[in-house]
Amino acid sequence: MVWAQRAAVPMKRIKNAKVITMRKPGIDKFKYYVGIRSLADIATKEDRVCVLNITGNESRSVTPVSHAYSGGNIVFGTSPGRRGQSVETPAGSIPVYNNVREGMEAGHKFNVGVVYLPPSAVRDGVAELIRINPDVEKVIILTEKVAMHDAREIRALGQQRGVDIFGANCLGVADSWNHVRIGGALGGDKPEETLRKGSVAIFSNSGNFTTTIANYLSIGGWGTTTLISSGKDVYINYAMPEFAYAMSNDTRTKSAVLYSEPGGYYEQHVEFDKPVVACVVGRWKANLTRAVGHAGAIAGSGDDARAKEKWFMDKFGVSDLFTPENPVCSKKGAVVTNIAHIPLALTKVMELNGVQKDFAPEGSLELKPWFGDNQGLKMPAALDIPVVKALSPYDVQIAELLKNVGAIFPRQSMKDCSGSSVMDAKTQVTKVNNISILDCSKQPLESNLCLALVRELNDENDNALFNLAVAANVNLHNDPMLAAAEASREAGNAPNTAISAAVALLGPKRADAARAAADSLTEIFAHSGLAMGDDEQAKITPATATPEQLATLVGNKPDAKAEAMLKAFEKRGAKSVFVKYLRSLKGHPTADAVLAALTTTVAWEPLIRKRISRLTVRNLPWYAKLFGVIIGASTEAKQHTAGSFCGVDNQEILGSWTVTQLAYISLLGERPTAASLLPLQVILGLIISNGVGTISAQGCKGAVSADGPESPERVQINKGMIGFLTHTGFAHGGNGYEGIQFLIENFKDTSLTDAGNPNHGIDLKKITTGFAVAFNKEKKQSKALGTGVRNIPGVNHPVFKGHPVNHHPRETFISEFFAERGEKNVFHDFYKTLVQSLYDNGVTANVFCVNIDAVIAASLLKLLWPRYRKGEFSENLMEMAAFTAFLFGRMAGCAGEIDDHINRGRNMDTRTPASQCTHVS
């Protein structure tokens, strides 16, 4: 019998339950209606079910599985306006009616209601079930976010009419012995595989974890009896006390597993007469002030995770949590905080009770990965988990997938998104492929160019290969690209526009031969066993090249450029499996094939480890050509001759010069020394990217988006680079240009000869104070006249202005870097003195920061100041050099954005919806 106490409310008799007004010993704790005596009565073969909103999104996928698993226990469902329709299931069709009354008038009888209604309709749905059908015994509410007021009324309805309610916000109930599932998706799509008959009951605040726990138990040799997903709203209608009572009366159940979240006191005073393993989770929620996850899973006073752990430990007579390393338990139970520890804890508890497992264990809970990639890292033995063969049919699918070489990125809208760069909005420091630009400043330009594309920094061999690849394309003698750039310069265009004219002529037809060669090399070596492109001693079995592939790699006649590149390859002491392979072929390697061999070597390891795609490897020779052309086209035509570039012999450039050195000589017109090269390297590393939101990044991404990356062969990479170049200018990229001009104005009348001399004898405070006073006067006059106040180049930044004294992280980094080396720069010191003088003289409300444009200007002017003083380098050339330096650095980051967008983006995904656009009259 089930005994309940009511006050002035008639109670309903459930099956053989007898309702009286006096409590009998053993169940007096229920001061409210409880209609279920045993867990065996929760989901029975006799139960017949009506589902409200049966055609809803969730029900449409779950209900057919439940119906089939349970032998056809759903008699009908409701969905307003859909009378006459049906839900098809493996066990037959389920008729659909507008409402419950129509279904009952059609002759259908049921005793269980399942509610899938939207939150606002749940209360009325429960009322409809209870009031129209007096035979309803149980109602299961799956809906989450039911209003508190409605939840109270639902509770009252159930109590008034003598109906047991489960939920809300639950996944229903199931019984492994009866082969019945009512409500949600307990057991998943194949409940017969998870809900194994056994001796353990499960009561869980989490629906999904109810299934997971059942699965873990079966792996450990334990089956289940009844599974209850209680939900974790503030009101839990069928809670722990009811479960404990029903478990006590269920002869099938020998033990229970409880999954408990913070919030509520349902567990505090419950007593169990059978062994229990309690899994208490959510310590991390202790300091939250609002619910995360389930509405009721937030602690109030004394009901957080630690408190509940203590409740259960006191009940079980244990002093600590159970872990495999510390298996603390008693005959009454154990407390765990990791669901993976549940099977072992249950086994230990039941051993103390003399109870064996329900069946032989069917595996282990150790990690059994179907995929594995250490990304080239040497992992500790404990973390180096071996890959196991997947279950069928996944093993076949994985085998096919592993045949694919390189990464395959899912496509999505890439507007304002990037998989290449990310900026910290607070510090304004960007990471490119997870490497901070502060660290990039310590790398040569050639390494940063590759970082942007192959997602890893180069080693020495990679640098040697990529330096050669770019150096082979920097001399544009007798090439229309040089003529185009020169004509653009003569028309008065800025460096970015002049370079764009050259880049426009480096279209797909000029890159296709090298890209085809890269494809051939990738196909030949894809399944050869080659892990590293420079491992010339590797035991590999490359595929036999087809005639079509050979045609992309060798020709019938010697190629002078290819021979010069191969000679330079030897001089550099570089290693490449692909160059070695080319030399083994009959015929004469082409220059495009040698270029492809160099770039494929650099990209091979990231490709094999699936960090980059085959598409990136295919396009890498094109990028190398573009980098060479951008550097080459930045200098005047007279610097390009048949035998030299900027006065340096071609073979010397091929055999030893770095990309950083080439950038230096094209900018400054002189051979660099180690001391003079370092500042340029640092500057270029700091400006390779400033995140996806920059104008230059938006320009290149827009060009890719317009071509349509979903058909990547149509994307013209040179056009993407033009998008970057044309989206730079005197405001974005050219502030270094203005900074040099500003510094010259302030130092032209001084006696300075060496900007690196700490004993320069220049009174910086006097100069900056004089400027500040004059600027303050100018500022006041401009305000009086209502005209704009001119900006001071290189001073302030919209983000770094909220503190009494402001610093730009990149400027601070450079300042500290060169201070540690004992190097001085009077121009940099001038800027730091200037921002203080502006504040001291009332021009600014706080001390502004010195931004990166000022650093570029100061660093370049330091290098060029002696030549400028001698009249060997004009002011105009210095200004252009500052702008071009920005282009050299930023071409790395924008190449990365182009490649990333080609691999991930969708067609025209950078456009702005019309609804977000505004009109200004």
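Above this note sits the structure.
As a starting point, this report considers the structure included with it. (Residues numbered from 1 in each chain as written. Predicted model: local features only at pLDDT ≥ 70, side-chain atom pairs only at ≥ 80, totals over all residues. Heavy atoms only, no water.)

Some words on the overall build of the protein chain
Here is step 1: Across its full length, the protein chain carries 32 helices and 21 strands.
Here is step 2: The C-alpha radius of gyration of the protein chain comes to 37 Å, more than 25% above the 29 Å expected for a compact globule of 921 residues.
Here is step 3: Summarising its shape, the C-alpha atoms of the protein chain cover approximately 110 × 80 × 60 Å along the three principal directions.
Here is step 4: For the protein chain, buried positions account for 55% of its 921 residues.
Here is step 5: In the protein chain, once contacts between residues fewer than 6 apart in sequence are set aside, the share between residues at least 24 apart is 72%. (Helix = DSSP H or I, 4+ residues; strand = E, 2+ residues; numbered from the N terminus. Rg over C-alpha atoms; globule rule 2.2 N^0.38 Å. Buried < 20%, exposed > 50% of the residue type's maximum accessible area, 1.4 Å probe, protein only. Contact = heavy atoms within 4.5 Å.)

Here's the deal with the pairing of strand E1 (residues 49–52)
Two faces make up the sheet, and in a regular strand the side chains alternate between them.
Here is step 1: Every second residue of E1 is oriented toward a common face, with Val49 and Val51 on one face and Cys50 and Leu52 on the other, all of them buried.
Here is step 2: Taken together, the 4 bridges between E1 and strand E2 (residues 74–78) define a ladder with parallel strand orientation. Across the sheet, the residue bridging to Cys50 is Phe76, located in E2.
Here is step 3: In the classification by handedness, the crossover that spans E1, the intervening helix H1 (residues 57–69) and the parallel E2 is right-handed. (Pairing = 2+ DSSP bridges. Right-handed = clockwise from strand over helix to strand, strands pointing away.)

Structural notes on the side chain of Ser176
Here is step 1: Locating Ser176 in the fold gives a position in the loop between strand E8 (173–175) and strand E9 (180–182).
Here is step 2: Taking relative accessible area as the criterion, Ser176 reaches 5% and is therefore assigned buried.
Here is step 3: Within the local environment of Ser176, its side chain forms a polar contact with the side chain of Thr224, the two groups lying 2.6 Å apart.
Here is step 4: The residues touching Ser176, leaving out its near neighbours within four places in the chain, are Tyr69, Leu195, Arg196, Lys197, Thr224, Thr225 and Leu227. (Polar contact = N/O pair within 3.5 Å; in protein donor to acceptor, adjacent residues only side chain to side chain.)

Side note on the pattern of salt bridges
Here is step 1: The tally for this structure, following the rule as stated, stands at 34 salt bridges.
Here is step 2: For the salt bridge of Asp47 with Lys138, the shortest nitrogen-to-oxygen distance reads 2.8 Å. Within this pair, whereas Asp47 is found in the segment before E1, its partner Lys138 is found in strand E6 (residues 138–141), the two being separated by 91 residues in sequence. Here Asp47 matches Lys138 in class, with each residue buried.
Here is step 3: Among the salt bridges present, the one from Glu823 reaches Arg821, with a minimum N-O distance of 2.9 Å.
Here is step 4: Beyond isolated ion pairs, a larger network of salt bridges with shared partners links Arg123, Asp124, Asp150 and Glu153. (Salt bridge = Lys/Arg side-chain N within 4 Å of Asp/Glu carboxyl O.)

Examining the sheet that holds strand E17 (residues 435–436)
Here is step 1: The antiparallel open sheet is built from 3 strands, whose spatial order is E15-E16-E17. At either margin of the open sheet sits one strand with a lone partner, and together these are strand E15 (421–423) and E17.
Here is step 2: Two elements, strand E16 (residues 430–432) and E17, share 2 bridges in a ladder whose sense is antiparallel. Bridge assignment links Lys431 to a residue of E17, and that residue is Ser436.

Looking at the sheet that holds strand E11 (residues 224–229)
Here is step 1: The strand order across the open sheet built from 7 strands is E9-E8-E11-E10-E12-E13-E14, with neighbouring strands paired in mixed fashion. One side of each edge strand has no neighbouring strand; the edge strands of this open sheet are E9 and strand E14 (333–336). With direction set aside, neighbouring strand axes in the sheet form an average angle of 10 degrees.
Here is step 2: Here strand E10 (residues 197–204) runs beside strand E12 (residues 255–260); their pairing, made up of 5 bridges, is parallel. Bridge pairing in E12 links Ser204 to Tyr259. (Axes fitted to C-alpha atoms, helices over the stretch in contact; angles between N-to-C directions.)

Considering the packing of aromatic side chains
Here is step 1: The full count for this structure, using the stated rule, is 26 aromatic pairs.
Here is step 2: Ring plane angle 85 degrees and centroid distance 5.1 Å describe the contact between Phe817 and Phe818, whose orientation is recorded as edge-to-face. With respect to class, Phe817 is no different from Phe818; both count as buried.
Here is step 3: The rings of Phe742, Phe747, Phe771, Phe775, Phe827, Phe830, Tyr831, Trp865 and Tyr868 are connected pair by pair, giving a single aromatic cluster.
Here is step 4: Seen from the ring of Trp177, Lys197 lies directly overhead, with NZ or CZ sitting 4.4 Å from the centre. (Phe/Tyr/Trp six-rings, centres within 6.5 Å; stacked < 30°, edge-to-face > 60°. Lys NZ or Arg CZ within 6 Å of the ring centre and 35° of its normal.)

What to know about the packing of helix H30 (residues 826–840) against helix H31 (residues 852–869)
Here is step 1: Running from amino to carboxyl end, H30 crosses H31 at an angle of 145 degrees, the nearest separation of the two axes being 8 Å. Taken together, the residues of H31 that come into contact with H30 (itself represented by Phe827, His828 and Tyr831) are Ala854, Val855, Ala858, Leu861, Lys862 and Trp865.
Here is step 2: Looking at the contact of H30 with H31 residue by residue, the class counts come to 7 nonpolar, 1 polar and 1 charged. (Nonpolar A, V, L, I, M, F, W, Y, C, P; charged D, E, K, R; others polar.)

Digging into the nonpolar core
Here is step 1: Residues Leu553, Phe627, Met721, Phe747 and Phe827 are the most contacted members of the largest nonpolar core, which totals 164 residues.
Here is step 2: Per-element tally for this core: the top contributor is helix H32 (residues 875–904), with 14 residues.
Here is step 3: Excluding residues that lie within four positions of it along the chain, Phe827 makes contacts with Leu743, Phe747, Leu752, Ala755, Ala858, Leu861, Lys862 and Trp865.
Here is step 4: Among the nonpolar cores identified, the runner-up in size contains 73 residues, and Ile94, Leu142, Val173 and Met350 belong to it. (Core = buried A, V, L, I, M, F, W, Y, C linked by side-chain atoms within 4.5 Å.)

Structural notes on helix H12 (residues 445–454)
Helical geometry note: an α-helix holds 3.6 residues per turn, so side chains three or four residues apart project in the same direction.
Here is step 1: Taken across its 10 residues, H12 has 10 buried, putting it largely inside the fold.
Here is step 2: Among the residues making up H12, those that are buried are Leu445, Glu446, Ser447, Asn448, Leu449, Cys450, Leu451, Ala452, Leu453 and Val454.
Here is step 3: Trailing H12 by a residue or two, Arg455 shows a phi angle of about 70 degrees, which is positive.

Section: the environment of Gln781
Here is step 1: Position of Gln781 relative to the elements: it lies in helix H28 (residues 764–785).
Here is step 2: A residue is classified by how much of its surface remains accessible, and Gln781, at 44% relative accessible area, is partly exposed.
Here is step 3: Separated by 90 residues in sequence, Gln781 and Gly871 place their C-alpha atoms 37 Å apart.

So, unusual backbone geometry
Here is step 1: Look at the link from Gly167 to Ala168: it is a cis peptide, with omega at 5 degrees.
Here is step 2: Along the polypeptide, Ala168 turns up in the loop between strand E7 (164–166) and E8.
Here is step 3: Following Ser392, the chain continues to Pro393 via a peptide bond in cis, the omega torsion being 5 degrees.
Here is step 4: Residue placement: Pro393 occurs in the loop between helix H9 (342–352) and helix H10 (394–403).
Here is step 5: The backbone of His179 shows a phi angle near 60 degrees, a positive value even though the residue is not glycine.
Here is step 6: Here His179 shows up in the loop between E8 and E9.

With respect to helix H6 (residues 207–219)
Here is step 1: With 13 residues, H6 should cover 18 Å at 1.5 Å per step; its first-to-last C-alpha distance of 19 Å lies within 8% of that length.
Here is step 2: Along H6, the positions that sit buried rather than exposed are Gly207, Thr210, Thr211, Ile213, Ala214, Leu217, Ser218 and Ile219.
Here is step 3: Turning to H6, the residues buried within the fold contact helix H5 (191–194), E10, E11, E12 and H9.
Here is step 4: Where H6 begins, one side-chain oxygen reaches toward the backbone nitrogen of Phe209, 3.2 Å away; that side chain belongs to Ser206. (Expected span 1.5 Å × (residues − 1).)

Brief notes about the state of the cysteines
Here is step 1: Under the definition given, this model contains 0 disulfides.
Here is step 2: Free of any disulfide, Cys700 has its nearest cysteine sulfur in Cys894, 4.1 Å distant. (Disulfide = S-S within 2.5 Å.)

With respect to the side chain of Glu456
Here is step 1: Secondary-structure assignment places Glu456 in the loop between H12 and helix H13 (460–471).
Here is step 2: Here Arg609 takes part through its side chain, which lies 2.3 Å from a polar atom of the side chain of Glu456.
Here is step 3: Ignoring any residue separated from it by four or fewer positions in sequence, one finds Glu456 in contact with Cys450, Leu451, Pro606, Arg609 and Arg611.

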